[in-house]
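Here is how the chains run, residue by residue.
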Amino acid sequence: MDPIFIFFLVLLVFMYVLLVRPQRQRARQHQDMLQSLQVGDEVMTTGGIFGEITDMDDQRVQLEIDADVKVAVSRAAIAQKVLPEDAANLVEEPQQAPEPEEAPEPAAAEEPEAVGEKQAPR
(Lines give C-alpha, C1' and ligand atoms only; values in the text may rest on other atoms or scores of the structure.)
Protein backbone atom coordinates (compact mmCIF):
# COMPACT_ATOMS: atom_id res chain seq x y z
CA MET A 1 0.00 0.00 0.00
CA ASP A 2 1.02 3.51 -0.67
CA PRO A 3 2.15 5.41 2.48
CA ILE A 4 0.20 8.53 1.38
CA PHE A 5 -3.01 6.49 1.19
CA ILE A 6 -2.40 5.13 4.69
CA PHE A 7 -1.70 8.66 5.97
CA PHE A 8 -5.02 9.96 4.55
CA LEU A 9 -6.89 6.95 5.90
CA VAL A 10 -5.46 7.53 9.40
CA LEU A 11 -6.26 11.25 9.09
CA LEU A 12 -9.89 10.49 8.20
CA VAL A 13 -10.24 8.09 11.14
CA PHE A 14 -8.65 10.68 13.45
CA MET A 15 -11.06 13.41 12.26
CA TYR A 16 -14.04 11.09 12.72
CA VAL A 17 -13.01 10.17 16.26
CA LEU A 18 -12.28 13.76 17.34
CA LEU A 19 -14.93 15.76 15.45
CA VAL A 20 -17.84 13.82 13.99
CA ARG A 21 -18.51 11.21 16.65
CA PRO A 22 -18.67 13.57 19.67
CA GLN A 23 -20.98 15.94 17.76
CA ARG A 24 -23.33 13.09 16.91
CA GLN A 25 -23.35 11.94 20.54
CA ARG A 26 -24.25 15.45 21.76
CA ALA A 27 -27.02 15.68 19.17
CA ARG A 28 -28.38 12.28 20.23
CA GLN A 29 -28.30 13.24 23.92
CA HIS A 30 -30.12 16.51 23.17
CA GLN A 31 -32.76 14.65 21.13
CA ASP A 32 -33.24 12.14 23.97
CA MET A 33 -33.61 15.01 26.46
CA LEU A 34 -36.24 16.67 24.25
CA GLN A 35 -38.17 13.41 24.01
CA SER A 36 -38.11 12.94 27.80
CA LEU A 37 -39.57 16.39 28.61
CA GLN A 38 -42.67 16.34 30.80
CA VAL A 39 -45.10 18.89 32.16
CA GLY A 40 -43.62 20.34 35.36
CA ASP A 41 -39.96 20.16 34.24
CA GLU A 42 -37.82 23.26 34.76
CA VAL A 43 -35.95 24.10 31.56
CA MET A 44 -33.76 26.75 30.00
CA THR A 45 -34.22 27.85 26.39
CA THR A 46 -31.41 28.55 23.95
CA GLY A 47 -32.17 32.25 24.53
CA GLY A 48 -31.48 31.89 28.26
CA ILE A 49 -35.09 32.05 29.48
CA PHE A 50 -35.86 29.83 32.47
CA GLY A 51 -39.34 28.44 32.92
CA GLU A 52 -41.54 25.55 33.93
CA ILE A 53 -43.32 23.48 31.29
CA THR A 54 -47.09 23.86 31.66
CA ASP A 55 -48.26 22.36 28.35
CA MET A 56 -46.67 20.78 25.30
CA ASP A 57 -47.34 19.09 21.99
CA ASP A 58 -45.10 17.66 19.27
CA GLN A 59 -43.60 20.97 18.19
CA ARG A 60 -44.35 23.60 20.84
CA VAL A 61 -43.78 23.87 24.57
CA GLN A 62 -45.59 26.35 26.80
CA LEU A 63 -43.39 27.74 29.57
CA GLU A 64 -44.46 29.67 32.64
CA ILE A 65 -41.63 32.11 33.18
CA ASP A 66 -43.26 34.10 36.00
CA ALA A 67 -46.56 34.16 37.83
CA ASP A 68 -49.26 34.27 35.12
CA VAL A 69 -46.68 34.89 32.36
CA LYS A 70 -46.61 32.11 29.78
CA VAL A 71 -44.75 31.89 26.48
CA ALA A 72 -44.83 29.28 23.75
CA VAL A 73 -41.50 28.19 22.30
CA SER A 74 -40.40 25.59 19.82
CA ARG A 75 -39.47 22.28 21.36
CA ALA A 76 -36.10 22.55 19.61
CA ALA A 77 -35.49 25.85 21.46
CA ILE A 78 -35.13 24.00 24.77
CA ALA A 79 -31.43 23.90 25.55
CA GLN A 80 -31.43 21.88 28.77
CA LYS A 81 -33.35 20.71 31.77
CA VAL A 82 -32.62 22.53 34.98
CA LEU A 83 -32.00 20.29 37.95
CA PRO A 84 -34.39 20.79 40.91
CA GLU A 85 -31.61 22.04 43.20
CA ASP A 86 -30.53 24.55 40.56
CA ALA A 87 -34.14 25.65 40.04
CA ALA A 88 -34.43 26.39 43.77
CA ASN A 89 -31.45 28.74 43.47
CA LEU A 90 -33.18 30.64 40.66
CA VAL A 91 -36.08 31.64 42.88
CA GLU A 92 -34.86 34.55 44.93
CA GLU A 93 -36.66 36.93 47.14
CA PRO A 94 -36.91 40.28 45.43
CA GLN A 95 -34.52 42.74 46.93
CA GLN A 96 -35.87 46.08 47.96
CA ALA A 97 -34.24 48.96 46.21
CA PRO A 98 -32.45 51.38 48.51
CA GLU A 99 -34.23 54.61 49.19
CA PRO A 100 -33.09 57.22 46.71
CA GLU A 101 -31.13 60.09 48.11
CA GLU A 102 -32.77 63.43 47.78
CA ALA A 103 -31.33 65.44 44.96
CA PRO A 104 -29.97 68.83 45.89
CA GLU A 105 -32.00 71.81 44.80
CA PRO A 106 -30.74 73.15 41.51
CA ALA A 107 -28.95 76.46 41.77
CA ALA A 108 -31.08 79.37 40.69
CA ALA A 109 -30.14 80.34 37.18
CA GLU A 110 -29.20 83.94 36.72
CA GLU A 111 -31.52 85.84 34.49
CA PRO A 112 -29.89 86.98 31.30
CA GLU A 113 -29.32 90.67 30.90
CA ALA A 114 -31.84 92.40 28.73
CA VAL A 115 -30.41 93.32 25.40
CA GLY A 116 -31.61 96.66 24.09
CA GLU A 117 -33.65 96.29 21.01
CA LYS A 118 -32.01 98.27 18.32
CA GLN A 119 -33.50 98.45 14.92
CA ALA A 120 -31.27 98.75 11.95
CA PRO A 121 -32.03 101.80 9.80
CA ARG A 122 -33.72 100.95 6.53
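Each remark here, short or long, concerns the structure printed above.
Novice: What should I look at first to understand unusual backbone geometry in this one?
Specialist: Of all residues except glycine, most have a negative phi; of all peptide bonds, most are trans. The residue Asp68 is not glycine, and still its phi comes out positive at about 60°. Looking at the element boundaries, Asp68 is found in the loop between β3 (60-66) and β4 (69-74). With a relative accessible area of 76%, Asp68 lands in the exposed category.

Novice: Help me understand the pattern of salt bridges in this model?
Specialist: Here the idea is simple: oppositely charged side chains can pair when their charged atoms come close. Applying the stated criterion across every chain yields a total of one salt bridge. Between Lys81 and Asp41 there is a salt bridge, with the nearest N and O atoms lying 3.6 Å from each other. In this pair, Lys81 is assigned in strand β5 (residues 78-81) and Asp41 in the loop between α1 (3-35) and β1 (42-45), connecting sequence segments 40 residues apart. Judged by its relative accessible area of 17%, Asp41 falls in the buried class.

Novice: Explain α1 here, please?
Specialist: Given 3.6 residues to a turn, an α-helix orients residues that are three or four positions apart in the same direction. The end-to-end C-alpha distance of α1, which contains 33 residues, comes to 46 Å, matching closely the 48 Å that a straight helix rising 1.5 Å per residue would cover. Along α1, the sharpest kink reaches roughly 40°, centred on Tyr16.

Novice: I'm lost on the sheet that holds β1 in this one. Help?
Specialist: Sheets are built from strands that pair by backbone hydrogen bonding, the pairs being arranged parallel or antiparallel. The sheet built from five strands is open, its strands ordered β4-β3-β2-β1-β5 with antiparallel pairing. Each of the sheet's edge strands pairs with one partner strand only, and the pair in question is β4 and β5. Ignoring which end each strand starts from, the neighbouring axes of this sheet average 45° apart. Bridging between β1 and β5 involves three bridges; their strand directions are antiparallel. The residue bridging Thr45 from the neighbouring strand is Ile78, located in β5.

About the criteria used
Residues numbered from 1 in each chain as written. Predicted model: local features only at pLDDT ≥ 70, side-chain atom pairs only at ≥ 80, totals over all residues. Heavy atoms only, no water. Helix = DSSP H or I, 4+ residues; strand = E, 2+ residues; numbered from the N terminus. Buried < 20%, exposed > 50% of the residue type's maximum accessible area, 1.4 Å probe, protein only. Salt bridge = Lys/Arg side-chain N within 4 Å of Asp/Glu carboxyl O. Expected span 1.5 Å × (residues − 1). Bend = angle between axes of the 7 residues up to and from the residue. Pairing = 2+ DSSP bridges. Axes fitted to C-alpha atoms, helices over the stretch in contact; angles between N-to-C directions.

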